Every structure is written in C-alpha cells, then in structure tokens.
Amino acid sequence: MNPQTTLPPTPAALPPKNVKPGAAGKRGGGGRRSEVRFFASLGHVALAVWAVIVIVPILWTFLASFKNTTEIFSSPWTLPAELRFENYARAWTKANVGRYFLNSVIVVTFSVLGTMLFGSMAAYVLARYKFWGNRAVYYLFVSGLAFPVFLALVPLFFVVKNLGLLDTHTGLVLVYIAYSLPFTVFFLTAFFKTLPTSVAEAGMIDGCSHTRLFFQVMLPMAKPGLISVGIFNIIGQWAQYQLPLVLLSNAKEKWVLTQGIADISVNAGYEADWSGLFAALTIAILPMIIVYAIFQRQIQSGLTSGAVK
Amino acid sequence: MRHGKYPFVIGFLFVPVTLYVVFVIAPYAQAFQISMTNWRGFSAPQWVGFDNYRRLFDDDNFWKAVQHHGVLLLALPLITIAIALFFSFMLNVGGKSSGGQRQGVWGSKFYRVVFFFPQVLAVAIIAVLFQMVYRPNESGLINGVLMKLGFDPVLFLIRPNLALWSIIAVLVWQAVGFYVVLFSAGMASIPGEIYEAAEIDGASRVTLFFRVTLPLLWDTLQVAWVYLGIAAFDAFAIVSVLSVDGGGPDGATTVLAMEIYRNAFVYSKYGYASAMGVALFFLTLTFAALTLRLTKRESVEY
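Residues numbered from 1 in each chain as written. Chains lettered and ligands numbered in written order. Predicted model: local features only at pLDDT ≥ 70, side-chain atom pairs only at ≥ 80, totals over all residues. Heavy atoms only, no water.

Colleague: Can you lay out the overall build of chain A for me, pointing to particular residues and giving the numbers?
Modeller: Of the regular secondary structure elements, chain A holds 15 helices and zero strands. The proportion of buried residues among the 309 residues of chain A is 53%. Partitioning the intrachain contacts of chain A with sequence separation of at least 6 by distance along the chain shows that 71% fall at a separation of at least 24. Entry remark: accessible area of chain A is about 14,400 Å², with carbon and sulfur atoms responsible for 67%. (Helix = DSSP H or I, 4+ residues; strand = E, 2+ residues; numbered from the N terminus. Buried < 20%, exposed > 50% of the residue type's maximum accessible area, 1.4 Å probe, protein only. Contact = heavy atoms within 4.5 Å. Areas by Shrake-Rupley, 256 points an atom, 1.4 Å probe, with all protein chains shown as cover.)

Colleague: Break down the side chain of A:Thr184 for me, citing the residues and quoting the values.
Modeller: Residue placement: A:Thr184 occurs in helix H9 (residues 169–194). For A:Thr184, the side chain forms a polar contact with the side chain of A:Asn233, separated by 3.2 Å. (Polar contact = N/O pair within 3.5 Å; in protein donor to acceptor, adjacent residues only side chain to side chain.)

Colleague: Explain the side chain of B:His69 to me, and be specific about the residues and the numbers.
Modeller: Among the structural elements, B:His69 can be located in helix H3 (residues 60–93). Aside from chain neighbours lying at most four places away, what touches B:His69 is B:Ala232, B:Phe233, B:Asp234, B:Val255 and B:Leu256.

Colleague: Before we move on, could you go through the packing of helix H6 (residues 97–128) of chain A against helix H1 (residues 5–34) of chain B and cite the residues and values that matter?
Modeller: Running from amino to carboxyl end, H6(A) crosses H1(B) at an angle of 130°, the nearest separation of the two axes being 9 Å. Viewed along their axes, H6(A) and H1(B) adopt a mutual orientation that is oblique. The handedness of the crossing between H6(A) and H1(B) comes out as left-handed. Of the residues in H1(B), those touching H6(A) at A:Phe118, A:Met121, A:Ala122, A:Tyr124, A:Val125 and A:Leu126 are B:Phe8, B:Val9, B:Gly11, B:Phe12, B:Leu13, B:Val15, B:Pro16 and B:Leu19. Considered class by class, the residues forming the contact of H6(A) with H1(B) number 13 nonpolar, one polar and no charged. (Axes fitted to C-alpha atoms, helices over the stretch in contact; angles between N-to-C directions. Parallel < 35°, antiparallel > 145°, perpendicular 65-115°, else oblique. Left-handed = near helix turned anticlockwise from the far one by under 90°. Nonpolar A, V, L, I, M, F, W, Y, C, P; charged D, E, K, R; others polar.)

Colleague: Any details on the interface of chain B and chain A? Residues and values, ideally.
Modeller: If you look at the interface, chain B gives 110 residues, while chain A gives 114 residues. Here chain B meets chain A over a buried area of about 10,000 Å², counting both sides, of which 79% is carbon and sulfur. Along the contact surface separating chain B from chain A lie zero salt bridges. At the junction of chain B and chain A, the tally comes to nine residue pairs in polar contact (both at pLDDT 80 or more). By residue number, the principal contributor to the side of chain B that touches chain A is H1(B), which donates 23 residues. Taken together, the residues that form the side of chain B that touches chain A break down as 77 nonpolar, 19 polar and 14 charged. (Buried area = accessible area lost by both parts, 1.4 Å probe. Salt bridge = Lys/Arg side-chain N within 4 Å of Asp/Glu carboxyl O.)

Colleague: Got a sec to walk through the environment of B:Leu164? Specific residues and values, please.
Modeller: Residues and elements named next belong to chain B. As for its position among the elements, Leu 164 is in helix H7 (residues 160–188). As a C-alpha pair, Leu 164 and Pro 249 span 85 residues in sequence and 9.8 Å in three-dimensional space. Excluding residues that lie within four positions of it along the chain, Leu 164 makes contacts with His 68, Val 71, Ala 252 and Thr 253.

Colleague: Describe helix H11 (residues 210–221) of chain A, and please don't skip the residues or the numbers.
Modeller: For H11(A), built from 12 residues, the straight-helix expectation of 16 Å at 1.5 Å per residue is met to within 8% by its first-to-last C-alpha distance of 15 Å. Within H11(A), the full set of buried residues consists of A:His210, A:Leu213, A:Phe214, A:Val217, A:Met218 and A:Leu219. (Expected span 1.5 Å × (residues − 1).)

Colleague: Could you give an account of the pattern of salt bridges, with specific residues and numbers?
Modeller: Residue and element names in this part refer to chain A. One pass over the full model with this rule turns up five salt bridges over all chains. Note that Glu 71 and Arg 84 form a salt bridge whose closest N and O atoms lie 2.5 Å from each other. Separated by 13 residues along the polypeptide, Glu 71 in helix H4 (residues 69–74) and Arg 84 in the loop between H4 and helix H5 (86–94) bring together distant segments of the chain. Arg 84 carries the same exposure label as Glu 71, and that label is buried. The network of salt bridges with shared partners includes Glu 71, Glu 82 and Arg 84.

Colleague: A description of the packing of aromatic side chains should follow, citing residues and the corresponding values.
Modeller: As enumerated under the stated definition, the model contains 51 aromatic pairs over all chains in all. Centre to centre, the rings of A:Tyr124 and A:Phe192 are 5.4 Å apart; their planes meet at 65°, and the pair counts as edge-to-face. Taken together, the positions of A:Tyr124 in helix H6 and A:Phe192 in helix H9 put the pair 68 residues apart, joining distant regions of the chain. The residues A:Tyr124 and A:Phe192 share a single accessibility class, namely buried. Between B:Phe32 and B:Phe282, the aromatic rings sit 6.5 Å apart at their centres with planes inclined by 75°, giving edge-to-face as the arrangement. Here B:Phe32, found in helix H1, pairs with B:Phe282, found in helix H13 (residues 270–294); they are 250 residues apart in sequence, far enough to count as distant. Taking relative accessible area as the criterion, B:Phe282 reaches 43% and is therefore assigned partly exposed. (Phe/Tyr/Trp six-rings, centres within 6.5 Å; stacked < 30°, edge-to-face > 60°.)

Colleague: Could you give an account of the packing of helix H4 (residues 108–116) of chain B against H7(B), naming the residues involved and the relevant values?
Modeller: Residue and element names in this part refer to chain B. Running from amino to carboxyl end, H4 crosses H7 at an angle of 135°, the nearest separation of the two axes being 7 Å. Classified by the interaxial angle, the pair formed by H4 and H7 is oblique. Seen along the crossing, H4 lies across H7 with a hand that is left-handed. For the pair H4 and H7, the contacting residues are Arg 112, Phe 115 and Phe 116 in the first and Gly 177, Phe 178, Val 180, Val 181 and Ser 184 in the second.

Colleague: Lay out the confidence of the model for chain A in plain terms, naming residues and giving numbers.
Modeller: Put simply, chain A has an average pLDDT of 81, and 85% of its residues get 70 or more. The secondary structure element of chain A with the lowest average pLDDT is helix H1 (residues 3–6) of chain A, at 35, and the one with the highest is H6(A), at 94. (pLDDT = per-residue confidence, 0-100.)

Colleague: I'd love a proper account of the environment of B:Val21, names of residues and values included.
Modeller: Its place among the elements puts B:Val21 in helix H1. Take B:Val21: its relative accessible area is 33%, and that puts it in the partly exposed class. Considered as a pair, B:Val21 and B:Ala44 are 23 residues apart in the sequence and their alpha carbons are 24 Å apart. Leave out the neighbours within four places in its chain, and B:Val21 touches A:Leu140, B:Ala26 and B:Pro27.

Shown next, in the form of structure tokens:
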C-alpha cells in the first residue's frame, strides 16, 4: 500500500525542518542504519550501567551478610571465606529482627484486610447508591489524598493516646486503615462504576439482599480492582516508617521491621555488629525479591495504577 | 433501589467513615487549632495567636528545611524524569524497526523488571542499605573501591555540601524504575503509525523523541511531576535514617517533616510543631496549584 495514503493527520509528529519529501528516500539508506546502531549501543550501555547500579548494592549486602567484621573491613569486595549463617541467627534472635518481622506481618495482614473490607464497602455504596450526602462523603474521603500526614502528626498522636491505643498493634492497624481509605475508596469507587448493572439487577429480582449482593456478586466481579489496590496497600503499609515510629515508640517488643532495622542502624556505633546488620538487611530485602519475582507483573500494575487513573 | 436502602447504606458507611473521621479528619482540624497555642503536653494549652508562626520566621532550621525542599523539588523530578524518559524511550522505541513496528532494545523486559525492584523496598530499609554503601571508610561499598585504588575516601554524608545530594541520589535510585514503567505504559499507547509517518518524513531518533514522544506523553509527565513533587515534600524516612543525626550534619539535610518530628516528639513543643505542619500543608498546596496552572497545555489528541 502506498504509505502516503495511510498517513493519519499528525500535527505534532511532523518536524517542519525535516519535511523534504524528496530527501526522505535518500535518508532512509545507510545514515539511518548507523544512527540506529549508535543509539541502540548508547542505550545498551546506559541501561546496563543502571542495572548494575541497582543490583550491586543489594548483591553486596547479601555477600557481606556472610562475612565477619574483619572481612567486611579488609576485603569488602571479595566473597566471604565461609557461609556464616550464625550472622543470621544473631540478627534474628539477638537483634530481634525475627520479632520485628513477625510484627510487620501481623500488622499488615490485619490492616490490609480491614482496608480492603471497609474501603470496598464504602466505595460500593458511594458508587452504586443514590442517597442524600453521597457526594459529600465521597469528597470527604478524596480530600484526604491531598493532605500530608505530618500536618496531623501531633493531634493524631494524642487521639491514639486518648483512646488508650498508644503502643498497641490495634492502634497502628486502625490508623493504617484510616490513612489508606482515601486512595482505596477513590480507586474502588471508580472501579465499581465500571461494572455492569445488569447482574446486580438480576440478583435483586431474585430476592437477594443488598448485603448478600455485595459479598456474593459484586466483590467477586471487582476482583481485578481489589487485587491492584490490595497490592498498593500491602506495599505501602509494609514500608510505613513514620507512623509506627510515633505510635509505637515506647514498646520495643511491638516494633515493625522498618523501625527495628532503622533503629539497629542508627544506634550502631563503631563497635557495632556490622555483619549482623547486613544479615538483618538481607532478611528484610530477600522476601521482597522473592515476592516481586513471582508477582512482578501484578505489582508493577498495582503500584502504577494510581498514577494512570 | 427499593426496600431497606438507607439502613444498608448507613450500615456500610458507618465503620469506614467513623475510622476516617476519628483518625484523619479530626487530627487535621485540630492541627490548625493546636498551632495557635503554646501547648507542651502537660498544662492546658494557652492561646497565643500567630506567635508560633512569627517564631518560624526567625528559625534557622525552618528556613534551611524550606530551602532543602526547594532543592529537592527541582532536582528530584528533573533528574528522575530525565533518566526515566531516556530509559523508557530506549526500552520501547530505541531498537530497530521491523515493518514499521518500533521495538525496544534487546533485553527490554529484563531491564524493566530490575529497574522497578527498588520501588518495592521500604524507604527506611533503602536508607539503611545506603548507609552501608556510603560509609566513610574501607567498609563502605564506594569508598572500599576508592581506597583500594589509592584515592581518599569521599565523605558522602559528612560533608555538608555533599550530604543532601547523596540523599537525592538515593531517592533517584529508588524512583527511576517506577517512572520507566509509567512512561513505558504511556509510550505503548502511542500509535505506531505516527512514528512511521514521522520516519517516512525523515525524522531522526532525536526528533522522534522531542517531536512525537514528548508531546504525546505530556499528561503522564505531569502526573510524574506531581508525584515526585509530593515525594520532595516528604523525605522523612530517608533523612531521619540516612543522614547524620537526623538532618545533619548541622542541619545540612533537614526537612520539615524531620523538624516537626523533632519539635513534637523530642522537645514536646506541640504547638510549634503543629505550626510547622500547617506551613508544610500550605507549601504542598501551593506547589500542587502551581503545577496544575503551569502545566496546563493543549494535550494532543490521537
């Protein structure tokens, strides 16, 4: 087919300087090919360098986690002489990393389940039911997207304190849920609106209650949206550092992983247990690599879905 | 919808709205109120009007923090977006074209997976990791190499004029992969015929990038700018873990969140800390409004 006839109107695509119909044929020759090769190789080098920059610090941490302190200082770039798993044992028990890890798992499990349940309940009602105040409630939730957490840090501390929930996992879980609601509601409301109404109407005619309709018909239909926002919340809440720092400060045995490892690192002086710290870091990073390797497609789309919306 | 609608609606909204109002809305409202008092946590708060805000004007650390937000706000989006744009262009249209179909360079998929990974890690964990990387003696990753080669160690986090840039580098390290994936999604939705047409007209790869990719990606770029801007106003986790004594050396890397945390939970100056929070809130708001105004531009339909 003659390419001239298939050209779509592309005002932005046509660089005026280069529009010389006669020259197009000649330019398509050797010049173009060498240009392609030049750019491809330049790109390759840059991409490879960045990949190294991303991988090397993590790899180096893994290696160092098997070394002893002498090796860490004398030969930071060599392989460890032996695999010292005792570094891991020390980090896991003596430095409490095992405890912190378990705390993170407990807190994030409950808070993500709560976020998903309450977020989808509110989003469903806001998306599918007309009632007085619907818009007001929706904007109340969405306005939360605009506020930085630091603004509320001091009053939040006292709200939690007055409820007697300071230094408890319950308090942290409730706060995580509350702060995850704006995005969850915003995202899921848009998602519920895209679902077809016919299935719900059929259910209503069959005498299905509103609640049953939600749990047995709508939630299963909303699964892709729930997975995206669920991943977003898991990663966000797992990474949370500031809220636990403020809300769990006096209960060391309740600390979450980010807080615990940061504490080991910040308070480590010169006589610190470096190899133990490297092992602790590895314990924090390795599970993320495994989870990411398995679910990387879902994780990428889950984390970027907020930006695309 | 018919029978029993209101009990159902109220039943479903009750818990989420209560949680949200108690833990989010109420604290935000109180923050403005507390910022007008000299509350230190023990005696009843006394109303002092705008005193706290007046004191902010004379507070060196506050201005240092604001200045650092300014640097972060310019450097972080510019560097991250530039690198991410280059990479995603390479990954999507950098390779050879076969039958008019533009392809990425070899190994695109691998790079995308690797680049994105830091995004999955918690910032606090990354901060600890880079504390090791930056360490000022032979046990640090970078200085270990430099000293082996006979150079003096670079005191990344200790030299005041280097510390903030060392922190920005870590933020860029983490963020690039996310934006590569984001921009790639945007580029994938640009129809191939447009590239084909431009190429027939003899457009070089550089022209393709600036005249085709960039204008058609404008909306995505705007989103990226807002996201990175918001990140530039945060930076608490990285500064409090990575920098020397939380925002040091001597306030060279401090940010507002760090100052709020310190004033509230170390010095118990709750009123003053809240005033800083309110200031931060208005800074963020100004940034968002400005961005939306400045980047408003005819988006290209295709």
